[in-house]
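# What the coordinates show
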Amino acid sequence: MNMLPWSSDHPPLMLAPMQGLTNDALRAYFIEQAAPDLVFTEFVRVHKQARKRIAKADLAEIAAHKAAVPLVVQLIGNSAEALAEAAARVQEAGCRHLNLNLGCPYGRMTTGATGGELLRDPAKLIELLTSLRQAISGSFSVKCRAGYDDPQQIFQLLPQYEDCGLDYLILHPRTVVQKYAGQVDHQLTAEVVARTRLPIIANGDINDAATGQRLLAETGVAGLMLGRGALADPLLFRRIRGELPGQVAEAQRRRELADYIENLLERYPVKFCGERQALMKLKDLLNFIPDEGLQRELKKLKRATTVNSFRTLLDRFFSA
Ligand SMILES: Cc1cc2nc3c(=O)[nH]c(=O)nc-3n(C[C@H](O)[C@H](O)[C@H](O)COP(=O)(O)O)c2cc1C
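Residues numbered from 1 in each chain as written. Predicted model: local features only at pLDDT ≥ 70, side-chain atom pairs only at ≥ 80, totals over all residues.

### A closer look at the environment of L157
By the element assignment, L157 lies in helix α5 (residues 153–163). Taking the C-alpha atoms as reference, L157 lies 47 Å from A251; in sequence the two are 94 residues apart. (Helix = DSSP H or I, 4+ residues; strand = E, 2+ residues; numbered from the N terminus.)

What follows is the structure, encoded as structure tokens:
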């Protein structure tokens, strides 16, 4: 049985989970404008205490997903029992596709090791994955770093990832201790592809169409996951697919940014129940727009205190 949450007629392009950013309103925007093949929730914390297991708001957001684009729920936690129960609740809420976070470098912020910290105890990790697999009827994947502090660790784990019944694996080829520093090593991604039967999804620093297209053509990956590059340019999905030009001139870039932010300016006050919170969330997103030539204008936008003044500045700086 094919457990993959994408059709096999083209390599899937996925929107990465990004805590604090890829909420349902942003995902809905991406689905409408950029048509990713798959979207992920921000990580959903799984608490050890049964009473708190998953936040009600997380479950409500999962249950509300009605788009044709499949939603993958990403769990973060470390107790086999708690994760299995959380998986059951997520499936009751209507989502069949689950993913476990093995990449977050800030795992000590929760009680006990989670995320990338789980790579420090491979035996326990594999036990955890094997038991979680039993609790999931749809697809089960992990999103992992290449290793905790050694990028070659992935090669020891690969056969075990296969044996414990993963359907695919998303690889961010940095180590956990590296956090976001240094270069991603997609040469390593290609080596992983060559040494496993699992479909591998490449993630990390895919910030322009040429990089995405090259990875698809040269590494044998099954698909791509876009994170910060997609926040900076949601149309990157369509550029990688060749539906839009790979690069745009500055005037066009400003217009596209204006449409993007303007659209979120409509959605966020509804999502976040009020202007102040909506503006805060929008400003967080602006931090991921790296264009050197726009930083002065972005800085001024970040000082706006009302939606109206924000919109006025947006029109002045970015609209044609
Ligand atoms: C602000 C922020 C929040 C993130 N939150 C998550 C998360 O909830 N779950 C996860 O697996 N990865 C998370 N990540 C990692 C991204 O999904 C992705 O793996 C990483 O940014 C590398 O890909 P990129 O270079 O395309 O951004 C986060 C990254 C950032 C920058």
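### With respect to the site of the ligand
In the vicinity of the ligand there are 22 residues, among which A16, Q19, F43, G227 and R228 approach most closely. Broken down by class, the residue content of the shell around the ligand amounts to eight nonpolar, 10 polar and four charged. (Near = placed C-beta within 6 Å. Nonpolar A, V, L, I, M, F, W, Y, C, P; charged D, E, K, R; others polar.)

### Quick notes on the nonpolar core
The biggest cluster of nonpolar side chains holds 69 residues, and the ones touching the most others in it are I201, L224 and L226. Counting residues per element, this core draws most heavily on strand β4 (residues 71–76), at five residues. Leaving out residues up to four positions away in the same chain, L226 has contacts with L13, L15, A16, I206, L236 and F237. If you look at the next biggest cluster of nonpolar residues, it comprises 10 residues, including Y268, L279, L282 and L301. (Core = buried A, V, L, I, M, F, W, Y, C linked by C-beta atoms within 7 Å. Buried ≥ 20, exposed ≤ 12 C-beta atoms within 10 Å, placed from the backbone. Contact = placed C-beta atoms within 7 Å.)

### Remarks on the domain arrangement of the protein
Domain boundaries in the protein define domain 1 (13–240) and domain 2 (250–318). Relative placement of domain 1 and domain 2: their C-alpha centres are 28 Å apart. Looking at the side of domain 1 that touches domain 2, the element that brings in the most residues is helix α8 (residues 228–232), giving three residues. A breakdown of the residues in the side of domain 1 that touches domain 2 according to their chemical character gives seven nonpolar, two polar and one charged. (Domains from an automatic or database assignment.)

### Remarks on the environment of N78
Take N78: it is sitting in the loop between β4 and α3 (80–92). A residue is classified by how many C-beta atoms lie within 10 Å of it, and N78, with 22 of them, is buried. Separated by 173 residues in the primary sequence, N78 and A251 have C-alpha atoms spaced 48 Å apart. Those residues within four positions of N78 in sequence are excluded, and the remaining contacts are G112, A113, T114 and L118.

### Let's talk about the pairing of β4
Taking burial as the measure, the six residues of β4 include six buried ones, the bulk of the element. Side chains of β4 alternate between two faces, with L71, V73 and L75 and V72, Q74 and I76 buried alike. Of the pairings in the sheet, the one linking strand β2 (residues 38–40) to β4 comprises two bridges and is parallel in character. In the sheet register, V39 faces β4, and the bridge partner there is L71. As judged from the two bridges shared by strand β3 (residues 44–45) and β4, these two strands associate in the parallel manner. (Pairing = 2+ DSSP bridges.)

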